[in-house]
Amino acid sequence: MNTSTPSSCCIVGAGPAGLMLGYLLARNGIPVTVLEKHGDFLRDFRGDTIHPSTLEIIWRLGFLDEFLALPHQKAEKLYGEIDGQPATMADFTHLPTRCKYIAFMPQWDFLNFLHAKALQLPGFQLIQNAKVDALIEEQGQIKGVKATVEGEAREFRSDLVIGCDGRHSVIRALAGLEVQRFGSPRDVLWMKVAKQADDPEWSPGHRGPKNHFIMIDRGDYWQCGYSITQGSFTALQETGLSAFLQQVASASPFSLERLQLEIADWDRVKLLEIRIDRLQQWAKPGLLCIGDAAHAMSPIGGVGVNLAIQDAVATANLLSGPLRKGSLTLKDLEKVQRRRAFATWATQSLQIMISKAGKKPRRKPPGRMELWLRRRPFLPFLFGRLIGMGFYRELPEEAQK
(Lines give C-alpha, C1' and ligand atoms only; values in the text may rest on other atoms or scores of the structure.)
Protein backbone atom coordinates (compact mmCIF):
# COMPACT_ATOMS: atom_id res chain seq x y z
CA MET A 1 0.00 0.00 0.00
CA ASN A 2 1.33 3.45 -0.96
CA THR A 3 0.33 6.57 0.90
CA SER A 4 1.40 10.14 0.37
CA THR A 5 2.49 12.50 3.12
CA PRO A 6 2.76 16.07 1.84
CA SER A 7 5.72 17.95 3.29
CA SER A 8 7.71 20.97 2.27
CA CYS A 9 10.86 19.28 3.53
CA CYS A 10 11.69 15.62 4.10
CA ILE A 11 14.79 15.10 6.24
CA VAL A 12 16.37 11.65 6.23
CA GLY A 13 18.25 10.88 9.43
CA ALA A 14 17.36 11.97 12.97
CA GLY A 15 20.87 12.64 14.22
CA PRO A 16 22.10 16.02 15.51
CA ALA A 17 21.95 17.69 12.09
CA GLY A 18 18.57 16.22 11.14
CA LEU A 19 16.75 17.06 14.36
CA MET A 20 18.32 20.51 14.71
CA LEU A 21 17.39 21.33 11.11
CA GLY A 22 13.91 19.90 11.57
CA TYR A 23 13.40 22.05 14.67
CA LEU A 24 14.67 25.23 12.97
CA LEU A 25 12.57 24.75 9.82
CA ALA A 26 9.41 23.97 11.80
CA ARG A 27 10.16 27.01 13.95
CA ASN A 28 9.99 29.03 10.74
CA GLY A 29 6.59 27.57 9.83
CA ILE A 30 7.78 24.99 7.30
CA PRO A 31 6.16 21.52 7.41
CA VAL A 32 8.87 18.96 8.11
CA THR A 33 8.92 15.17 8.10
CA VAL A 34 12.01 13.52 9.58
CA LEU A 35 12.59 9.86 8.72
CA GLU A 36 14.74 7.73 11.03
CA LYS A 37 15.59 4.11 10.27
CA HIS A 38 15.89 3.13 13.95
CA GLY A 39 13.14 2.98 16.55
CA ASP A 40 15.01 5.07 19.12
CA PHE A 41 18.21 7.05 19.65
CA LEU A 42 19.91 4.51 21.91
CA ARG A 43 23.10 3.54 20.13
CA ASP A 44 26.46 3.04 21.79
CA PHE A 45 29.53 5.05 20.99
CA ARG A 46 27.90 8.01 19.26
CA GLY A 47 29.65 11.35 19.58
CA ASP A 48 28.91 12.89 22.97
CA THR A 49 30.55 16.30 22.68
CA ILE A 50 28.42 19.44 22.81
CA HIS A 51 30.82 22.21 21.85
CA PRO A 52 30.71 25.84 23.03
CA SER A 53 29.38 26.96 19.64
CA THR A 54 26.52 24.42 19.87
CA LEU A 55 25.73 25.55 23.41
CA GLU A 56 25.65 29.10 22.05
CA ILE A 57 23.05 28.04 19.48
CA ILE A 58 20.95 26.40 22.20
CA TRP A 59 21.22 29.57 24.29
CA ARG A 60 20.08 31.70 21.33
CA LEU A 61 17.09 29.39 20.93
CA GLY A 62 16.13 30.10 24.54
CA PHE A 63 16.46 26.75 26.29
CA LEU A 64 20.06 26.55 27.54
CA ASP A 65 19.16 26.33 31.24
CA GLU A 66 16.69 23.53 30.57
CA PHE A 67 19.26 21.71 28.46
CA LEU A 68 22.01 22.00 31.07
CA ALA A 69 19.65 20.55 33.68
CA LEU A 70 20.23 17.21 31.94
CA PRO A 71 23.10 15.10 33.35
CA HIS A 72 26.35 16.17 31.76
CA GLN A 73 29.98 16.92 32.47
CA LYS A 74 31.97 20.02 31.72
CA ALA A 75 35.49 20.22 30.35
CA GLU A 76 37.09 23.66 30.21
CA LYS A 77 40.28 22.08 28.87
CA LEU A 78 41.27 18.99 26.93
CA TYR A 79 44.41 17.11 27.89
CA GLY A 80 46.72 14.72 26.11
CA GLU A 81 50.33 13.66 25.98
CA ILE A 82 53.32 14.93 24.02
CA ASP A 83 56.35 12.63 24.07
CA GLY A 84 55.02 10.91 27.17
CA GLN A 85 54.41 14.12 29.09
CA PRO A 86 50.92 15.39 30.04
CA ALA A 87 49.93 18.56 28.23
CA THR A 88 46.97 20.92 27.85
CA MET A 89 45.88 20.49 24.25
CA ALA A 90 42.94 22.93 24.15
CA ASP A 91 41.66 25.64 26.52
CA PHE A 92 38.10 26.96 26.09
CA THR A 93 38.06 29.41 29.01
CA HIS A 94 38.62 32.53 26.87
CA LEU A 95 36.09 31.87 24.10
CA PRO A 96 33.60 34.66 23.28
CA THR A 97 30.66 32.37 24.06
CA ARG A 98 28.12 32.03 26.84
CA CYS A 99 29.52 28.62 27.83
CA LYS A 100 33.29 28.36 27.85
CA TYR A 101 33.50 24.59 27.97
CA ILE A 102 32.58 21.40 26.18
CA ALA A 103 29.60 19.60 27.67
CA PHE A 104 29.80 15.81 27.58
CA MET A 105 26.37 14.26 27.32
CA PRO A 106 25.18 10.95 25.87
CA GLN A 107 23.99 11.75 22.38
CA TRP A 108 20.67 9.99 22.92
CA ASP A 109 19.85 12.51 25.69
CA PHE A 110 20.71 15.38 23.36
CA LEU A 111 18.55 13.93 20.57
CA ASN A 112 15.62 13.20 22.86
CA PHE A 113 15.79 16.82 24.06
CA LEU A 114 15.77 18.22 20.50
CA HIS A 115 12.96 15.88 19.53
CA ALA A 116 10.82 16.99 22.47
CA LYS A 117 11.35 20.64 21.52
CA ALA A 118 10.49 20.01 17.87
CA LEU A 119 7.29 18.16 18.78
CA GLN A 120 6.00 21.35 20.37
CA LEU A 121 5.98 23.01 16.94
CA PRO A 122 3.13 22.55 14.46
CA GLY A 123 4.09 20.89 11.21
CA PHE A 124 6.90 18.73 12.64
CA GLN A 125 6.75 14.96 12.62
CA LEU A 126 9.32 12.23 13.23
CA ILE A 127 8.66 8.81 11.72
CA GLN A 128 10.87 6.05 13.09
CA ASN A 129 11.61 2.58 11.76
CA ALA A 130 11.57 4.17 8.31
CA LYS A 131 14.04 2.68 5.84
CA VAL A 132 14.51 4.77 2.71
CA ASP A 133 14.52 2.61 -0.41
CA ALA A 134 14.49 5.05 -3.33
CA LEU A 135 14.23 8.66 -4.39
CA ILE A 136 11.17 9.95 -6.22
CA GLU A 137 12.42 11.77 -9.30
CA GLU A 138 10.23 13.48 -11.88
CA GLN A 139 11.54 15.46 -14.84
CA GLY A 140 15.03 15.72 -13.34
CA GLN A 141 13.77 16.97 -9.96
CA ILE A 142 13.76 15.04 -6.67
CA LYS A 143 10.20 15.06 -5.35
CA GLY A 144 10.52 12.93 -2.21
CA VAL A 145 11.48 9.43 -1.13
CA LYS A 146 10.04 5.93 -1.04
CA ALA A 147 10.46 4.18 2.29
CA THR A 148 9.43 1.07 4.17
CA VAL A 149 7.86 1.92 7.52
CA GLU A 150 7.04 -0.97 9.84
CA GLY A 151 6.94 -3.27 6.82
CA GLU A 152 4.64 -0.97 4.81
CA ALA A 153 5.73 0.76 1.59
CA ARG A 154 5.10 4.49 1.73
CA GLU A 155 5.88 7.61 -0.28
CA PHE A 156 6.89 10.91 1.29
CA ARG A 157 6.58 13.71 -1.25
CA SER A 158 8.25 17.04 -0.56
CA ASP A 159 9.68 20.12 -2.17
CA LEU A 160 13.10 19.26 -0.75
CA VAL A 161 14.86 16.11 0.47
CA ILE A 162 17.79 16.65 2.83
CA GLY A 163 20.18 13.81 3.60
CA CYS A 164 21.33 13.93 7.22
CA ASP A 165 21.90 10.20 7.42
CA GLY A 166 25.57 10.11 8.29
CA ARG A 167 28.78 8.84 6.78
CA HIS A 168 27.05 5.77 5.32
CA SER A 169 24.38 7.98 3.76
CA VAL A 170 21.74 6.18 1.70
CA ILE A 171 20.61 9.50 0.25
CA ARG A 172 23.94 10.47 -1.23
CA ALA A 173 24.34 6.95 -2.65
CA LEU A 174 20.87 6.98 -4.23
CA ALA A 175 21.52 10.45 -5.63
CA GLY A 176 24.80 9.31 -7.20
CA LEU A 177 26.74 12.20 -5.68
CA GLU A 178 30.49 11.89 -6.20
CA VAL A 179 32.59 11.39 -3.05
CA GLN A 180 36.19 12.50 -2.62
CA ARG A 181 37.90 10.18 -0.10
CA PHE A 182 41.01 11.02 1.92
CA GLY A 183 41.37 7.89 4.03
CA SER A 184 42.70 7.70 7.58
CA PRO A 185 45.62 5.80 9.12
CA ARG A 186 43.68 4.77 12.25
CA ASP A 187 40.48 3.04 13.36
CA VAL A 188 39.04 2.95 16.90
CA LEU A 189 37.81 -0.02 18.93
CA TRP A 190 35.18 0.93 21.54
CA MET A 191 34.55 -1.01 24.75
CA LYS A 192 32.66 -0.60 28.04
CA VAL A 193 34.22 -1.08 31.48
CA ALA A 194 31.94 -0.84 34.53
CA LYS A 195 33.04 1.65 37.18
CA GLN A 196 34.39 0.58 40.55
CA ALA A 197 34.56 2.61 43.77
CA ASP A 198 38.36 2.64 43.84
CA ASP A 199 38.84 3.70 40.21
CA PRO A 200 41.40 6.50 39.76
CA GLU A 201 40.23 10.07 39.39
CA TRP A 202 39.94 11.04 35.75
CA SER A 203 39.40 14.48 34.29
CA PRO A 204 35.82 15.19 33.20
CA GLY A 205 34.79 13.92 29.80
CA HIS A 206 37.56 12.77 27.52
CA ARG A 207 41.12 12.08 28.48
CA GLY A 208 43.73 11.10 25.94
CA PRO A 209 44.92 9.79 23.75
CA LYS A 210 47.51 8.08 25.92
CA ASN A 211 49.31 5.41 23.92
CA HIS A 212 46.25 5.34 21.63
CA PHE A 213 43.87 4.86 24.61
CA ILE A 214 40.87 7.13 25.31
CA MET A 215 38.53 7.13 28.33
CA ILE A 216 35.12 8.79 28.56
CA ASP A 217 33.22 8.99 31.84
CA ARG A 218 29.65 7.76 31.25
CA GLY A 219 28.52 7.91 34.88
CA ASP A 220 28.28 4.25 35.83
CA TYR A 221 30.78 2.97 33.27
CA TRP A 222 33.85 3.99 31.31
CA GLN A 223 33.59 4.19 27.54
CA CYS A 224 37.04 3.18 26.35
CA GLY A 225 38.53 3.62 22.92
CA TYR A 226 41.69 1.96 21.63
CA SER A 227 43.17 3.31 18.41
CA ILE A 228 44.56 0.76 15.95
CA THR A 229 46.15 0.88 12.52
CA GLN A 230 43.40 1.03 9.95
CA GLY A 231 42.44 -2.37 8.60
CA SER A 232 44.25 -4.29 11.36
CA PHE A 233 41.17 -5.44 13.30
CA THR A 234 40.96 -8.82 11.57
CA ALA A 235 44.61 -9.53 12.36
CA LEU A 236 44.02 -8.59 16.00
CA GLN A 237 41.11 -11.02 16.18
CA GLU A 238 43.25 -13.77 14.72
CA THR A 239 45.90 -13.32 17.44
CA GLY A 240 43.19 -13.74 20.08
CA LEU A 241 41.21 -11.66 22.53
CA SER A 242 43.66 -12.23 25.38
CA ALA A 243 46.58 -10.76 23.42
CA PHE A 244 44.47 -7.75 22.46
CA LEU A 245 43.40 -7.13 26.05
CA GLN A 246 47.05 -7.26 27.12
CA GLN A 247 47.71 -4.37 24.72
CA VAL A 248 44.79 -2.42 26.16
CA ALA A 249 45.88 -3.12 29.74
CA SER A 250 49.38 -1.80 29.03
CA ALA A 251 47.93 1.52 27.82
CA SER A 252 45.07 1.89 30.32
CA PRO A 253 44.60 2.15 34.11
CA PHE A 254 42.81 -1.23 34.13
CA SER A 255 44.33 -4.59 34.97
CA LEU A 256 44.26 -7.44 32.48
CA GLU A 257 42.11 -9.49 34.87
CA ARG A 258 39.48 -6.76 35.06
CA LEU A 259 39.40 -6.31 31.30
CA GLN A 260 38.99 -10.05 30.82
CA LEU A 261 35.96 -10.03 33.12
CA GLU A 262 34.38 -7.01 31.40
CA ILE A 263 35.20 -7.93 27.80
CA ALA A 264 34.55 -11.65 27.62
CA ASP A 265 34.22 -11.92 23.84
CA TRP A 266 34.74 -9.94 20.63
CA ASP A 267 31.03 -9.02 20.55
CA ARG A 268 31.85 -6.47 23.26
CA VAL A 269 34.40 -4.75 21.05
CA LYS A 270 32.89 -2.38 18.45
CA LEU A 271 34.89 -1.23 15.44
CA LEU A 272 34.62 2.38 14.32
CA GLU A 273 36.07 2.66 10.83
CA ILE A 274 37.39 6.19 10.60
CA ARG A 275 36.96 7.93 7.30
CA ILE A 276 37.51 11.45 6.04
CA ASP A 277 35.63 12.30 2.86
CA ARG A 278 33.43 14.97 1.31
CA LEU A 279 31.09 15.36 -1.61
CA GLN A 280 32.18 17.26 -4.69
CA GLN A 281 28.65 18.65 -4.95
CA TRP A 282 26.28 18.63 -1.99
CA ALA A 283 23.12 19.21 -4.01
CA LYS A 284 21.09 18.39 -7.07
CA PRO A 285 17.61 19.71 -7.95
CA GLY A 286 15.35 19.03 -4.98
CA LEU A 287 18.04 17.36 -2.85
CA LEU A 288 20.77 18.45 -0.44
CA CYS A 289 23.20 16.61 1.85
CA ILE A 290 24.69 18.10 5.02
CA GLY A 291 26.63 16.89 8.05
CA ASP A 292 28.48 13.58 7.76
CA ALA A 293 26.41 12.77 4.67
CA ALA A 294 28.26 15.63 2.95
CA HIS A 295 31.60 15.43 4.78
CA ALA A 296 32.63 12.59 7.09
CA MET A 297 35.04 13.69 9.81
CA SER A 298 37.68 11.95 11.89
CA PRO A 299 36.97 11.78 15.65
CA ILE A 300 39.97 14.10 16.18
CA GLY A 301 38.71 16.97 18.35
CA GLY A 302 35.19 15.51 18.41
CA VAL A 303 34.18 18.17 15.89
CA GLY A 304 31.87 16.12 13.64
CA VAL A 305 28.70 16.82 15.64
CA ASN A 306 29.64 20.49 15.93
CA LEU A 307 30.06 20.90 12.16
CA ALA A 308 26.86 18.99 11.43
CA ILE A 309 24.84 21.29 13.68
CA GLN A 310 26.44 24.37 12.13
CA ASP A 311 25.48 22.98 8.71
CA ALA A 312 21.91 22.65 9.96
CA VAL A 313 21.81 26.24 11.21
CA ALA A 314 23.24 27.59 7.93
CA THR A 315 20.76 25.49 5.94
CA ALA A 316 17.79 26.79 7.92
CA ASN A 317 19.00 30.38 7.63
CA LEU A 318 19.50 30.16 3.87
CA LEU A 319 16.56 27.99 2.80
CA SER A 320 13.67 28.92 5.09
CA GLY A 321 12.78 31.95 2.99
CA PRO A 322 12.72 30.17 -0.40
CA LEU A 323 10.83 27.23 1.12
CA ARG A 324 8.19 29.51 2.60
CA LYS A 325 7.77 31.32 -0.70
CA GLY A 326 7.72 28.14 -2.78
CA SER A 327 10.59 29.49 -4.87
CA LEU A 328 13.38 27.06 -3.95
CA THR A 329 15.95 26.48 -6.73
CA LEU A 330 19.21 24.57 -7.13
CA LYS A 331 21.05 27.88 -6.73
CA ASP A 332 19.56 28.23 -3.25
CA LEU A 333 20.81 24.76 -2.33
CA GLU A 334 24.28 25.51 -3.69
CA LYS A 335 24.48 28.51 -1.39
CA VAL A 336 24.61 26.12 1.57
CA GLN A 337 27.70 24.40 0.19
CA ARG A 338 29.39 27.70 -0.60
CA ARG A 339 28.65 28.92 2.91
CA ARG A 340 30.03 25.79 4.61
CA ALA A 341 32.79 24.80 2.17
CA PHE A 342 35.70 26.62 3.82
CA ALA A 343 34.92 25.39 7.34
CA THR A 344 34.66 21.83 6.00
CA TRP A 345 37.88 22.00 3.97
CA ALA A 346 39.88 23.68 6.74
CA THR A 347 38.74 21.25 9.43
CA GLN A 348 39.39 18.18 7.32
CA SER A 349 42.78 19.53 6.21
CA LEU A 350 43.78 19.98 9.85
CA GLN A 351 42.58 16.47 10.72
CA ILE A 352 44.50 14.97 7.79
CA MET A 353 47.66 16.83 8.81
CA ILE A 354 47.37 15.60 12.42
CA SER A 355 46.66 12.04 11.26
CA LYS A 356 49.72 11.98 9.01
CA ALA A 357 51.91 13.43 11.75
CA GLY A 358 50.77 10.73 14.16
CA LYS A 359 51.35 7.95 11.62
CA LYS A 360 55.11 8.41 11.37
CA PRO A 361 57.23 7.44 14.38
CA ARG A 362 59.54 10.18 15.60
CA ARG A 363 63.12 9.40 14.62
CA LYS A 364 64.81 12.33 16.30
CA PRO A 365 64.08 14.57 19.27
CA PRO A 366 62.07 17.79 18.71
CA GLY A 367 64.05 20.74 17.38
CA ARG A 368 64.43 24.11 19.04
CA MET A 369 61.59 25.67 17.04
CA GLU A 370 59.17 22.88 18.02
CA LEU A 371 60.20 23.12 21.67
CA TRP A 372 59.75 26.90 21.54
CA LEU A 373 56.27 26.52 20.05
CA ARG A 374 55.26 23.98 22.70
CA ARG A 375 56.06 26.49 25.41
CA ARG A 376 53.88 29.20 23.87
CA PRO A 377 50.86 29.75 26.14
CA PHE A 378 48.64 30.83 23.24
CA LEU A 379 48.57 27.41 21.53
CA PRO A 380 45.97 25.80 23.84
CA PHE A 381 43.78 28.89 23.38
CA LEU A 382 44.19 28.69 19.60
CA PHE A 383 43.22 25.02 19.54
CA GLY A 384 40.42 25.79 21.98
CA ARG A 385 39.07 28.29 19.48
CA LEU A 386 39.33 25.90 16.52
CA ILE A 387 37.81 22.94 18.39
CA GLY A 388 35.25 24.89 20.42
CA MET A 389 33.95 27.20 17.69
CA GLY A 390 35.31 25.94 14.40
CA PHE A 391 36.57 28.03 11.52
CA TYR A 392 33.22 29.69 10.92
CA ARG A 393 30.42 30.09 13.43
CA GLU A 394 26.73 29.87 12.55
CA LEU A 395 23.94 31.34 14.68
CA PRO A 396 20.20 30.87 14.11
CA GLU A 397 18.32 33.85 12.74
CA GLU A 398 15.16 35.13 14.40
CA ALA A 399 12.15 32.89 13.81
CA GLN A 400 10.22 33.87 10.70
CA LYS A 401 6.55 34.56 11.24
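Structure first, text after, so check above.
Let me sum up the structure you'll find in this document. (Residues numbered from 1 in each chain as written. Predicted model: local features only at pLDDT ≥ 70, side-chain atom pairs only at ≥ 80, totals over all residues. Heavy atoms only, no water.)

Concerning the overall build of the protein chain
Rule in force here: Secondary structure elements are taken from DSSP: a helix is a run of H or I of four residues or more, a strand is a run of E of two residues or more, and numbering for both begins at the N terminus. In this scheme, a residue with accessible area under 20% of its type's maximum is buried, one over 50% is exposed, and one in between is partly exposed, where area comes from a 1.4 Å probe on protein chains only.
Tallying secondary structure elements over the protein chain gives 12 helices and 21 strands in all. The buried share of the protein chain, reckoned over its 401 residues, is 51%.

Observations concerning the packing of helix α2 (residues 52-61) against helix α9 (residues 304-325)
Stated formally: Working convention: axes come from line fits to C-alpha atoms, limited for helices to the stretch in contact. Angles between N-to-C directions cover 0 to 180 degrees. Two helices cross in a left-handed way if the nearer one is turned anticlockwise from the farther one by less than a right angle. They cross in a right-handed way if the turn is clockwise. Whether two residues touch is decided by their heavy atoms; if any such pair falls within 4.5 Å, the residues are in contact. Ten residue types, Ala, Val, Leu, Ile, Met, Phe, Trp, Tyr, Cys and Pro, are classed as nonpolar, four, Asp, Glu, Lys and Arg, as charged, and the remainder, Gly among them, as polar.
Relative orientation of the contacting elements α2 and α9 amounts to 35°, with a least axis distance of 9 Å. Of the two possible hands of crossing, α2 and α9 adopt the one that is left-handed. Contact residues: Ser53, Thr54 and Ile57 in α2; Asn306, Ile309, Gln310 and Val313 in α9. Each residue belonging to the contact of α2 with α9 can be placed in one class, and the counts come to three nonpolar, four polar and no charged.

A short note on α2
Taken across its 10 residues, α2 has eight buried, putting it largely inside the fold. Regarding α2, the residues found buried are Pro52, Ser53, Thr54, Leu55, Glu56, Ile57, Ile58 and Leu61. Where α2 terminates, the next one or two residues include Gly62, which has phi positive at roughly 95°.

Points about the packing of aromatic side chains
How we decide: Put simply, two rings from Phe, Tyr or Trp (the six-membered ring, in Trp's case) pair if the centres are within 6.5 Å, and we call them stacked under 30 degrees between planes, edge-to-face over 60, tilted for the rest.
The full count for this structure, using the stated rule, is nine aromatic pairs. Between Tyr23 and Phe63, the aromatic rings sit 5.8 Å apart at their centres with planes inclined by 85°, giving edge-to-face as the arrangement. A residue pair is termed long-range when its members are at least 10 positions apart, and Tyr23 in helix α1 (residues 16-27) and Phe63 in the loop between α2 and α3 (64-68) qualify at 40 residues. When the ring of Phe67 is compared with that of Phe113, the centres are 5.2 Å apart and the planes differ by 65°; the resulting orientation is edge-to-face. On the criterion of sequence distance, the pair formed by Phe67 in helix α3 and Phe113 in helix α4 (residues 107-119) is long-range, its members being 46 residues apart. Classification of Phe67 as buried rests on a relative accessible area of 0%.

Structural notes on the sheet that holds strand β3 (residues 49-50)
Short version of the rule: A strand pair is defined by DSSP finding two or more bridges across the two strands.
Taken in spatial order, the three strands of this open sheet run β3-β7-β4, and their pairing is antiparallel. Each edge of the sheet is formed by a strand with only one pairing partner; in this case those strands are β3 and β4 (73-75).

Some remarks on the side chain of Ser169
Counted only if it meets this: We call two N or O atoms a polar contact when they sit within 3.5 Å, provided that within protein one can donate a hydrogen and the other can accept it, with sequence-adjacent residues counted only if both atoms are side-chain atoms.
Tracing the sequence through the fold places Ser169 in the loop between β11 (152-163) and α5 (170-175). Within the structure, the side chain of Ser169 is placed 3.0 Å from the backbone nitrogen of Arg172, a separation counted as a polar contact.

Here we look at the pairing of strand β16 (residues 221-229)
Of all nine residues in β16, eight are buried, a share of seventy percent or more. For strand β15 (residues 213-217) and β16, the ladder comprises five bridges, and the chain directions are antiparallel. Considered in β16, the bridge of Phe213 is made with Tyr226. The antiparallel hairpin formed by β15 and β16 contains three residues in its connecting segment, where Gly219 sits at a positive phi of about 95°.

Considerations on the sheet that holds strand β21 (residues 295-296)
Sheet architecture is open: three strands sit in the order β12-β18-β21, paired in antiparallel fashion. Edge positions in the sheet fall to β12 (179-181) and β21, since each of these pairs with one other strand and no more. Across two bridges, the pairing between strand β18 (residues 277-279) and β21 is antiparallel. Following the sheet pairing, Asp277 is matched in β21 by Ala296.

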